[in-house]
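One-letter residues, chain by chain:
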Amino acid sequence: MDREQQILALIRQNPFISQNEMAGLIGISRSAVAGYIASLTKKGTIRGRAYVTSDEHTVFCIGGANLDSKALSKHAIRLATSNPVTVTESCGGVARNIAEALAGLACPTSLLTVVGDDKAGQWVLEETRRRGVDVSQAIVLNGENTGSYTALLDTSGEMFLAFANMDIYDKFSPAMLRDKWSHIASAKLVIADTNLPSDTLEELIRRCQEENIPLFIDPVSSEKSKKLPTDLTGVTAIFPNLEEAVQLAHTPLTMNQDVIDMFYVEPDHSKIAGIIRERGVKHVFITLGSQGVLYVGEEGQQFFPSIPTQVIEVTGAGDAFLAGIVYGVTHDHTYLTACEYGLAAAHITLQTSESTSSDLNEERLHLTINNMTKGD
Ligand SMILES: Nc1ncnc2c1ncn2[C@@H]1O[C@H](COP(=O)(O)OP(=O)(O)OP(=O)(O)O)[C@@H](O)[C@H]1O
Ligand SMILES: O=c1[nH]cc([C@@H]2O[C@H](CO)[C@@H](O)[C@H]2O)c(=O)[nH]1
């Protein structure tokens, strides 16, 4: 065991041990102990003066936590008139939804987000904590409004139109990320959404690459996906739907007539994924709604059909899919095998009016996969 490991073992046994006691036990000077502690703190293994050791098993989700309001239309939607609807409110936000889904699947998860000092923010954090997510790193910003997402859904639960009122995320600066880095640095995996501003995303991608932390990105929407830097080296996996994938492949570097035809005349999903990979991403998952998902990455290429589902509403299906993949890969499955977990998690979430299903748990996930493989 090297010196750092010895010191860490002593701190784990007794988080209140003094530097003098450690020096005596190991047989080195107190100042040498102080040097090792400084180095462990810099690496993020030790998080502060109370010697709270980092949890290397945590998945860190960074991005949006919203109040979702969804109006499900009772009849075919008509424009410029009043449409009868049923409204449901739930917690939302891509990073938050993924964190909640992972906590439901018994993965230790922490959420770094910004909310306003309002009722919505208080409710969203409290509810997320109640569902098992560590929200101790969430930041409450005075005088800001918590992000809100208001969607109009058609009679089949598909989104017709949505409004994102999320100016608060512009305040999520690179400095905030730096401030929280000692917590993030020890994570097993980081998941970020593009609610974050461009400079914050750029810094996160660079640091995760430098420090070898796997990073998954949810592009959120085609508009917000434009915030990602052109060079995505350092991004382990990305999860666009088709519209977002087209946007991600649509860089000034790739614009010629063939590419324009490929996007707008007859989308070639695997070519689009290939172009995204050229930006530096290792694993690309293009989710295709009711059709399923296409994986293109270091493990090859494969299309997976979706599980036939009686959809209540679609909000959060992509977030649950991503959480299912994280569950799979953190339980030592390949990215290809993890697709089954993603499809199963999305299937469970599609059957509720919440943006993350409270029915999503390990037992239900495994049962869904067993039924899938039996062809039920
Ligand atoms: N109607 C459906 N029937 C069965 N499975 C579906 C359906 N819609 C979505 N899914 C499943 O959910 C996955 C993600 O859906 P989708 O492609 O709509 O993601 P998304 O647009 O990112 O979703 P969101 O932004 O609402 O979270 C799909 O790959 C598929 O497995
Ligand atoms: O711009 C955004 N639109 C929508 C969402 C969230 O997406 C979720 C569904 O995938 C939903 O909960 C909404 O709040 C977001 O975080 N940012």
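Here the residue numbering is sequential within each chain, running from 1 through the sequence in written order. Chain letters and ligand numbers both follow the written order, the letters beginning at A and the numbers at 1. Under the rules for a predicted model, residues below a pLDDT of 70 receive no local features and side-chain atom pairs below 80 are neither given nor counted, while totals for whole chains, interfaces and linings still include all residues. Side-chain numbers here rest on the full set of heavy atoms in the structure, without hydrogens or water.

**Section: the overall build of the protein**
Then, number 1: The helix and strand tally for the protein stands at 15 helices and 14 strands.
Then, number 2: We compute the radius of gyration over the C-alpha atoms and compare it with the globule rule, which gives 2.2 Å times the number of residues raised to the power 0.38. Taken against the 2.2 N^0.38 rule, which gives 21 Å for 376 residues, the C-alpha radius of gyration of the protein at 22 Å falls within 12% of a compact globule.
Then, number 3: Taking the principal axes of its C-alpha atoms as reference, the protein extends roughly 75 × 45 × 45 Å.
Then, number 4: Counting all 376 residues of the protein, 52% fall into the buried class.
Then, number 5: Of all intrachain contacts in the protein linking residues separated by at least 6 positions in sequence, the fraction that spans at least 24 positions is 65%.
Then, number 6: Summing over all exposed atoms, the protein offers an accessible surface of approximately 17300 Å²; the carbon and sulfur share of this is 50%.
Then, number 7: Charged residues are defined here as Lys and Arg on the positive side and Asp and Glu on the negative side; His and the ends of the chain fall outside this count. All charge positions are set by atom: Lys at NZ, Arg at CZ, Asp at CG, Glu at CD. The protein carries 30 positive and 46 negative side-chain charges, and their two centres are separated by 6 Å. Under the DSSP-based scheme used, a helix requires at least four consecutive residues in state H or I and a strand at least two consecutive residues in state E, with every element numbered from the N terminus. Partly exposed describes any residue whose relative accessible area lies between the buried limit of under 20% and the exposed limit of over 50%, with all areas from a 1.4 Å probe on protein chains only and scaled to the type maximum. Note on contacts: a residue pair qualifies if any of its non-hydrogen atoms lie within 4.5 Å across the two residues. Accessible surface area values rest on a Shrake-Rupley calculation with a 1.4 Å probe, where residue burial reflects the displayed protein chains alone.

**Side note on the side chain of S186**
Then, number 1: On the secondary structure map, S186 appears in the loop between α7 (181-184) and β9 (189-193).
Then, number 2: Only 3.3 Å separates the side chain of S186 from the backbone oxygen of H183, close enough to count as a polar contact. Counting of polar contacts relies on pairs of N or O atoms within 3.5 Å, with two restrictions inside protein: one atom must be capable of donating a hydrogen and the other of accepting it, and residues adjacent in sequence are counted only when both atoms are side-chain atoms.

**A short note on the domain arrangement of the protein**
Then, number 1: Here the protein is described as being made up of domain 1 (3-43) and domain 2 (59-374).
Then, number 2: Each of domain 1 and domain 2 has a C-alpha centre, and the two are 40 Å apart. Here the bounds of each domain stem from an automatic or database domain assignment.

**Considering the sheet that holds strand β7 (residues 148-153)**
Then, number 1: In this analysis, strands are considered paired if DSSP registers two or more bridges between them. Ordered in space as β3-β2-β7-β8, the four strands form an open sheet in which the pairing is mixed. Strand pairing shows two members of the sheet lacking a second neighbour, β3 (85-92) and β8 (159-165), which therefore form its edges. When strand polarity is set aside, the average angle formed by the axes of neighbouring strands in this sheet is 15 degrees.
Then, number 2: Here strand β2 (residues 66-73) runs beside β3; their pairing, made up of eight bridges, is antiparallel. Bridge pairing in β3 links S69 to E89. To get an axis, a line is fitted to the C-alpha atoms, and for a helix only the part in contact is used. The angle between two axes follows their N-to-C directions and goes from 0 to 180 degrees.

**Description of the packing of helix α1 (residues 3-13) against helix α3 (residues 30-43)**
Then, number 1: Contact pair α1 / α3: the axes reach a minimum separation of 10 Å and the direction vectors enclose 85 degrees. Comparing their axes, α3 and α1 come out roughly perpendicular. Residue-level inspection shows R3, E4, I7 and L8 of α1 in contact with α3, the latter providing V33, Y36, I37, S39, L40 and K43.
Then, number 2: When residues are sorted by character, Ala, Val, Leu, Ile, Met, Phe, Trp, Tyr, Cys and Pro go into the nonpolar class, Asp, Glu, Lys and Arg into the charged class, and all the rest, Gly among them, into the polar class. Here the contact of α1 with α3 is built from residues that sort into six nonpolar, one polar and three charged. Orientation labels follow simple angle bins: below 35 degrees gives roughly parallel, above 145 gives roughly antiparallel, 65 to 115 gives roughly perpendicular, and whatever is left gives oblique.

**Considerations on the site of ligand 2**
Then, number 1: Neighbouring ligand 2 are 16 residues; D68, G93, N195, K224 and D319 lie closest to it.
Then, number 2: V94 places a polar main-chain atom, nitrogen or oxygen, 3.1 Å from an oxygen atom of ligand 2.
Then, number 3: The side chain of N97 places a nitrogen or oxygen atom 3.0 Å from an oxygen atom of ligand 2.
Then, number 4: Secondary-structure elements contributing two or more residues to the shell around ligand 2 are β2 and α4 (94-104). Residues are labelled near a given molecule or strand when at least one of their non-hydrogen atoms is within 4 Å of it.

**Quick look at the site of ligand 1**
Then, number 1: Around ligand 1, a shell composed of 19 residues is seen, among which N241, T287, G289, G292 and G318 lie nearest.
Then, number 2: Note that an oxygen atom of ligand 1 is positioned 2.9 Å from one of the side-chain N or O atoms of T287.
Then, number 3: G318 is positioned with one of its backbone polar atoms (N or O) 2.9 Å from an oxygen atom of ligand 1.
Then, number 4: Expressed as a share of its isolated accessible area of 630 Å², the protein-covered part of ligand 1 is 83%.
Then, number 5: Where the shell around ligand 1 is concerned, the elements lending two or more residues are α13 (317-330) and α14 (335-349).
Then, number 6: Here the shell around ligand 1 is composed, by residue class, of eight nonpolar, 10 polar and one charged.

**Section: the sheet that holds strand β4 (residues 109-112)**
Within a sheet, adjacent strands bond to each other through the backbone by hydrogen bonds, running parallel or antiparallel.
Then, number 1: Strand order in the open sheet made by the eight strands is β4-β1-β9-β10-β11-β12-β13-β14, with mixed pairing throughout. Every interior strand has two partners, whereas the edge strands, β4 and β14 (300-305), have only one.
Then, number 2: Sheet analysis places strand β1 (residues 59-62) next to β9, joined by four bridges and oriented parallel. Pairing of V59 across the sheet is with L189, part of β9.
Then, number 3: Here α14 sits on the sheet in contact with β10 (215-218), β11 (237-238), β12 (283-287), β13 (292-297) and β14, set at roughly 20 degrees to β14.

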